[in-house]
Amino acid sequence: MRRLCFTVLCGLLAVPVAVAATRATGDGVLELNDAAGTIALTGTRGTVWGQMDGGKLVVTDPLAGDGAVFVSGAEIVKQIGDTVTSYSGKDLRFRVTGGRYKLVFRGPVSGLPAIGVDLTAVGVGTAQLTGDAFVNSGAYALDNGRWTPLTVLTRTVRFGVPPIPAGP
């Protein structure tokens, strides 16, 4: 009986500590559901994964070696510079792990929107979301909150809390 009480007590103490530790990092969550339009996602740390039904994905990895970017399903891949790569096609799948990144989702032809972007970003970053005026633009949610429709007016959202720099 004493062992059972001790185990229950440890469980009651360990769970709140574990939950507090995960929130202490400042990570937030951004989710997109069937987004259509122009989406620019910039992260300072974290992970992003998802898929796009069709369009162009421009990936900027400003600091080589601080993370990894994986994209599959691209029909056309163009290296634009040392840190920028463009992927075009249908059913693109992507994953970014760690480090700084910038992802810009656009339509395959200038002026057309990206279509069907579904993603989850965990970490710290910002997103500029501009919905398409001619189709259902999908929705976004922050930190498991309610889904908010994308509109043609660009909205900048932040997810996560950047760490406070150490003082002198």
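The coordinates are above.
Please read these numbers as outputs of a predicted model, since none were measured by experiment.

A.B. asks: Got a sec to walk through the overall build of the protein? Specific residues and values, please.
C.D. replies: When helices and strands are counted, the protein shows 1 helix and 9 strands. Counted from the first residue to the last, the protein has its helices and strands arranged as α-β-β-β-β-β-β-β-β-β. Per-residue burial over the protein gives 36% buried out of 168 residues. Long-range contacts, defined as pairs at least 24 residues apart, comprise 76% of the intrachain contacts of the protein with a sequence gap of at least 6.

A.B. asks: Report on the pattern of salt bridges, specifying residues and quantitative values.
C.D. replies: Applying the stated criterion across every chain, the model contains 2 salt bridges. With a shortest N-O distance of 2.9 Å, R45 and D27 are connected by a salt bridge. Taken as a pair, R45 in strand β1 (residues 28-60) and D27 in the loop between α1 (2-24) and β1 lie far apart in primary sequence, 18 residues in all. D91 is the partner of R93 in a salt bridge, and the nearest nitrogen-oxygen pair spans 3.3 Å. Assessed through its relative accessible area of 36%, D91 is described here as partly exposed.

A.B. asks: I'd like to hear about the nonpolar core, residue by residue, with values.
C.D. replies: In terms of nonpolar packing, the biggest core is built from 26 residues, with L41, V48, L103, F105, V117 and L119 touching the most fellow members. When residues of this core are traced back to their parent elements, those giving at least two are β1, β4 (84-97), β5 (101-106), β6 (114-131) and β9 (155-159). If sequence neighbours within four positions are ignored, F105 has contacts with G37, T38, I39, M52, K56, L57, F94, A114, V117 and L119.

A.B. asks: Residue-level account of the environment of L153, with values.
C.D. replies: One can find L153 in the loop between β8 (148-149) and β9. Judged by its relative accessible area of 64%, L153 falls in the exposed class. As a C-alpha pair, L153 and D132 span 21 residues in sequence and 9.4 Å in three-dimensional space.

A.B. asks: Give me the lowdown on the side chain of D61, citing residues and values where you can.
C.D. replies: As for its position among the elements, D61 is in the loop between β1 and β2 (68-72). Look at D61: it is buried, it has no salt bridge, and the nearest opposite charge is R100 at 9.0 Å. With sequence-adjacent residues up to four places away left out, D61 is seen in contact with D66, G67, V69, T83 and R100.

The rules we used
Residues take numbers from 1 onward in each chain, read along the sequence in its written order. Local features in this predicted model are restricted to residues of pLDDT 70 or higher, and side-chain atom pairs are both shown and tallied only at a pLDDT of 80 or more, whereas totals for entire chains, interfaces and linings draw on every residue. With hydrogens and water excluded, all non-hydrogen atoms of the structure serve as input to the side-chain values. Helix and strand definitions follow DSSP, with helices as H or I runs of at least four residues and strands as E runs of at least two, each counted in order from the N terminus. Under the scheme applied here, a residue whose accessible area is under 20% of the maximum for its type counts as buried, over 50% as exposed, and between as partly exposed, the area being computed with a 1.4 Å probe on protein chains only. Here, two residues are considered to be in contact whenever any of their heavy atoms come within 4.5 Å of each other. Salt bridges are defined as contacts in which a side-chain nitrogen from Lys or Arg sits within 4 Å of a carboxyl oxygen from Asp or Glu. Residues belong to one nonpolar core when they are buried, are Ala, Val, Leu, Ile, Met, Phe, Trp, Tyr or Cys, and are joined through side-chain atoms within 4.5 Å. Only four residue types enter the tally: Lys and Arg on the positive side, Asp and Glu on the negative side, with His and both chain ends excluded.

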